[in-house]
Amino acid sequence: MRELLCRIPDSRRKPSIKTPIIVESALIMMVTRMGSLNALEQDKGNRFWMRWLGCTLPSADTIGRVFSQVDVDVIRSCIHHVYGRLKRNKALTKTCGFDVLIIDGHESTASYLRCCSGCLRRTMHTREGQRTQYYHRNVIAMLSARDFPLLLDVEEQRQGEDEVAAAIRLIRRVLKNYPRAFDVVVVDGLYLKANFFKLLVAHGKHVIAVLKDERRDLMADARGLFSLEEPLIEISGNTHRKIWDIEGFSSWEALDRQVRVVRSVETKTVRRQLSGKREQESSEWIWAATLSQKEAKTQVIVCLGHDRWLIENKAINEMVTYWYADHVYKHHPTAICAFWLTLMLVLNLFRAFMYLNIKPQRRRRHSNLYFARLISSGLYDGTLQKIPP
Ligand SMILES: [Zn+2]
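Bear in mind the structure is a predicted one, so any value in this text is a computation, not a measurement. Numbering of residues starts from 1 in every chain and runs along the sequence as written. Where totals are concerned, whole chains, interfaces and linings use all residues; where local detail is concerned, this predicted model gives features only for residues with pLDDT of at least 70, and gives and counts side-chain atom pairs only at 80 or more. As a rule here, side-chain values come from all non-hydrogen atoms in the structure, and water together with hydrogens is ignored.

Novice: Explain the overall build of the protein chain here, please?
Specialist: A run of H or I in DSSP counts as a helix once it spans at least four residues, and a run of E counts as a strand once it spans at least two, with each numbered from the N terminus. Helix and strand counts for the protein chain stand at 14 helices and ten strands. Here the C-alpha radius of gyration of the protein chain, 23 Å, is about what a compact globule of 389 residues would show, namely 21 Å. With the principal axes as the frame, the protein chain shows a C-alpha extent of 70 × 55 × 50 Å. Accessible area is worked out with a 1.4 Å probe on protein chains only. A residue is then buried under 20% of its type maximum, exposed over 50%, and partly exposed in between. In the protein chain, buried positions account for 52% of the 389 residues. Pairs at least 24 apart in sequence give 64% of the contacts found in the protein chain among residues at least 6 apart. As presented, the protein chain carries roughly 19,900 Å² of accessible surface, and 49% of it is formed by carbon and sulfur atoms. When charges are counted, Lys and Arg contribute as positive and Asp and Glu as negative, whereas His and the chain ends are disregarded. We put the charge of a Lys on NZ, of an Arg on CZ, of an Asp on CG and of a Glu on CD. Computing the positive centroid from 60 side-chain charges and the negative centroid from 42, the protein chain places the two 8 Å apart. Radius of gyration means the value over C-alpha atoms here, while the globule rule gives 2.2 Å times the residue count to the 0.38 power. Two residues form a contact once any of their heavy atoms are found within 4.5 Å. All accessible areas in this document rest on Shrake-Rupley with a 1.4 Å probe, and a residue is counted as covered only by the protein chains that are shown.

Novice: Explain the packing of aromatic side chains here, please?
Specialist: By convention here, two paired aromatic rings are described through the distance between centres and the angle between planes. Aromatic pairing here means that ring centres of Phe, Tyr or Trp (its six-membered ring) are within 6.5 Å. Orientation follows from the plane angle: under 30 degrees is stacked, over 60 is edge-to-face, and everything else is tilted. Per the stated rule, a full pass over the model turns up twelve aromatic pairs. When the centroid spacing of 5.2 Å and the interplanar angle of 85 degrees are considered together, the rings of Tyr370 and Phe371 count as edge-to-face. Through successive ring pairs, a cluster of aromatic residues spans Phe48, Trp49 and Trp52. Cation placement over rings: the criterion is NZ of Lys or CZ of Arg within 6 Å of the ring centroid and within 35° of the ring normal. Geometry around Tyr112 places Arg131 over its ring, the cationic atom sitting 4.3 Å from the centre. The cationic tip of Arg216 hangs over the ring face of Trp252; the distance from NZ or CZ to the ring centre is 5.3 Å.

Novice: Please explain the packing of helix 2 (residues 19-31) against helix 12 (residues 333-357) as it appears in this structure.
Specialist: In a packed pair of helices, the relevant descriptors are the angle between the two axes and the axis-to-axis distance. The N-to-C vectors of helix 2 and helix 12 enclose an angle of 60 degrees; their axes lie 9 Å apart at closest approach. Considering the angle they form, helix 2 stands oblique to helix 12. Seen along the crossing, helix 2 lies across helix 12 with a hand that is right-handed. Taking contact as the criterion, the partners of Ala26, Leu27, Met29, Met30 and Val31 in helix 2 are, on helix 12, Phe339, Thr342, Leu343, Leu345, Val346 and Leu349. Of the residues assigned to the contact of helix 2 with helix 12, the class counts are ten nonpolar, one polar and no charged. For helices, the fitted line uses only the C-alpha atoms of the stretch in contact; every axis is such a line through C-alpha atoms, and the angle between N-to-C directions lies from 0 to 180 degrees. When describing relative orientation, an angle under 35 degrees is termed roughly parallel and one over 145 degrees roughly antiparallel, while 65 to 115 degrees is termed roughly perpendicular and anything else oblique. Crossing handedness: left-handed means the near helix sits turned counterclockwise from the far one by under a right angle, and right-handed means the same turn made clockwise. When residue character is reported, Ala, Val, Leu, Ile, Met, Phe, Trp, Tyr, Cys and Pro are called nonpolar, Asp, Glu, Lys and Arg charged, and the others, Gly included, polar.

Novice: Help me understand helix 11 (residues 309-323), please; the structure alone is not making it clear to me.
Specialist: Residues lying three or four places apart along an α-helix face the same way, a consequence of the helix completing one turn every 3.6 residues. The angle between axes fitted to the seven residues ending at a residue and the seven residues starting there is what we call the bend at that residue. Of all the bends in helix 11, the greatest measures close to 40 degrees and is centred on Asn317. Taken together, the buried positions of helix 11 are Leu310, Ile311, Ala315, Ile316, Glu318, Met319 and Trp323. Phi turns positive, to about 55 degrees, at Tyr324, one or two residues after helix 11.

Novice: Sorry, what's going on with the pairing of strand 2 (residues 120-126) here?
Specialist: Between any two strands, pairing holds if DSSP finds at least two bridges. Examined bridge by bridge, strand 2 and strand 3 (residues 129-143) share seven bridges and lie antiparallel to one another. In the sheet register, Leu120 faces strand 3, and the bridge partner there is Tyr135. In sequence, strand 2 turns back onto strand 3 through a hairpin of two residues.

Novice: For this particular structure, what's the right way to read the pattern of salt bridges?
Specialist: If the charged atoms of two oppositely charged side chains come close together, the side chains can form a pair. We define a salt bridge as a side-chain nitrogen of Lys or Arg found within 4 Å of a carboxyl oxygen belonging to Asp or Glu. Tallied over the full model, the rule gives 22 salt bridges. For Asp73, the salt bridge is made with Arg76, and the minimal N-O distance between the two is 2.7 Å. Here the residue Asp73 and the residue Arg76 both occupy positions in helix 6 (residues 72-88), the gap between them amounting to three residues, near one helical turn. By relative accessible area, which is 44% here, Asp73 ends up partly exposed. Owing to a relative accessible area of 9%, Arg76 belongs among the buried residues under this scheme. Arg169 is the salt-bridge partner of Glu161, the closest N and O atoms lying 2.8 Å from each other. Judged by its relative accessible area of 21%, Arg169 falls in the partly exposed class. Through salt bridges with shared partners, a single ionic network connects Asp73, Arg76, Asp153, Glu155, Arg158, Glu161, Arg169 and Arg173.

Novice: How do you make sense of unusual backbone geometry when you look at a structure like this?
Specialist: Residues other than glycine seldom take positive phi values, yet Cys96 does so here, at roughly 50 degrees. Considering the arrangement of structural elements, one finds Cys96 in the loop between helix 6 and strand 1 (100-111). Overall, Cys96 belongs to the partly exposed group, its relative accessible area being 35%. Notably, Tyr324 is not glycine yet its phi reads approximately 55 degrees, a positive angle. Following the sequence through the fold, Tyr324 ends up in the loop between helix 11 and helix 12.

Novice: Which parts of the structure should I look at to understand the coordination of the zinc ion?
Specialist: For a metal with four tetrahedral donors the ideal donor-metal-donor angle is 109.5 degrees, while six octahedral donors give ideal angles of 90 or 180 degrees. Looking at the zinc ion, one finds its protein donor set to be Cys116 (SG), Cys119 (SG), His136 (NE2) and His331 (NE2), positioned 2.1 to 2.3 Å from the metal centre. Coordination at the zinc ion is tetrahedral, judged from the four donor atoms that bind it and the angles of 102 to 129 degrees they form at the metal. Overall, Cys116 belongs to the buried group, its relative accessible area being 11%. For Na, K and Ca the donor cut-off is 3.2 Å, and for all other metals it is 2.8 Å, counting N, O and S atoms only; because water is absent from this set, sites may look incomplete. Metal sites are grouped by the angles between bound donors: all angles between 85 and 135 degrees with four donors is tetrahedral, opposite donors over 155 degrees apart with the others between 65 and 115 is square planar for four donors and octahedral for six, and any other pattern is irregular.

Novice: Is there a simple way to explain the packing of helix 2 against helix 5 (residues 60-67) in this structure?
Specialist: Packing of helix 2 against helix 5 leaves a shortest axis separation of 10 Å and a crossing angle of 110 degrees. Judged by the inter-axis angle, helix 2 sits roughly perpendicular to helix 5. Residues Thr19, Ile22, Val23, Ser25 and Ala26 of helix 2 pack against Thr62, Ile63, Val66 and Phe67 of helix 5. In the contact of helix 2 with helix 5, the residues fall into six nonpolar, three polar and no charged.

Novice: Before we go on, may I ask you to explain empty space enclosed by the protein in this structure?
Specialist: In this approach the atoms are scanned with a rolling probe the size of a water molecule, which exposes any empty space left behind. Space inside and on the surface of the protein is sampled on a 1 Å grid over the protein atoms alone, with a cavity defined as a set of points where a 1.4 Å probe fits but cannot get out and a pocket as an open set with protein on both sides within 12 Å along at least 5 of 7 lines; lining residues have an atom within 4 Å of a point. Grid points are joined across faces, edges and corners, and a volume is the space filled by probe spheres set on the points. Applying the stated criterion to the full structure yields two cavities of 30 Å³ or more. Quantified by volume, the largest cavity comes out at close to 80 Å³. What lines the largest cavity is a set of 13 residues, among which Leu92, Thr93, Asp99, Leu143 and Ala181 lie closest to the centre. Tallied by class, residues from the lining of the largest cavity come to seven nonpolar, three polar and three charged. Each pocket or cavity is described by its volume, and for the second largest cavity that value is around 50 Å³. Taken together, Ser108, Thr109, Ala325, Asp326, His327, Val328, Tyr329, Ile336, Phe339 and Trp340 form the lining of the second largest cavity. Those elements that place two or more of their residues in the lining of the second largest cavity are strand 1 and helix 12.

As structure tokens, this is what we get:
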């Protein structure tokens, strides 16, 4: 890892502090969940930094400036290095027999006051009249390994393009860097676009996308046929599912190939917190998939389709709530991407440490937050130490 960090170049003429030291400082700031560069600077007096870095802690300004100039592809190669190690150690498990990649978009920041050359703009109708709001949106790619999901890459949405265009750029890079890491891509209904599907199918990958646009011919045809077919009944825990599974739909003309549509009407009993009463909750899920019935059973499509929530729960929500992912450490397009990639690297390392180094009995007794706090406290009690080479 340190060798990879040493390869990180920046465009400064005469750097007084080497870039790997700056990236390592940011990495520790994130793993100890300080939340901002100013909070990190407050820790300057801690003797830990001299022991760890071999020099004093760089200032908040220096870290922000270097992250605005850093080559983000080298941070991507650090993430790839972690993926390679986990793959070799067989730590990445399949989901229902498939290696699954989940793609989703996330709005990371919005402001009326501060903007940069990479900011997206929209007009908001406020009490003071129409105002321009500046925001950043990115698309994240995550491998859905059962024990710990692995964050692979992020791509910032650019001005004048939609989320799918950014996702296509991300997918092209992921296909190049991780050609054999996944067989199926699971996405939201927004990605039900012919060019997105065609790109993945051309590279031998399958796609499962939520089908939610009632105006689509595909949806109308599927609903017509579902009413004529008897559903498959499946009971799992307290969830009762009625599932319909029909393949051979050719009504999505732009795609130029047949797709399969799976519908799951799910009912589960929940106890209301306020009244304590048990009530039934129903939901309907419909997915369009390129996998045939021979390649994946009905239950597999339902399981993989529901896996899409992992990116919400185990990536975006966790990153934002506990790891300050939406904090703008430095408002610059390169810096925003570089800090996101650094956090992805930190989270992958943290999860690998949790699942591969901590014994299951101990892991079961404590939450992830407990171990994250232990690491943070190591900054002050001397237990956070560099492993000798
Ligand atoms: Zn901006």
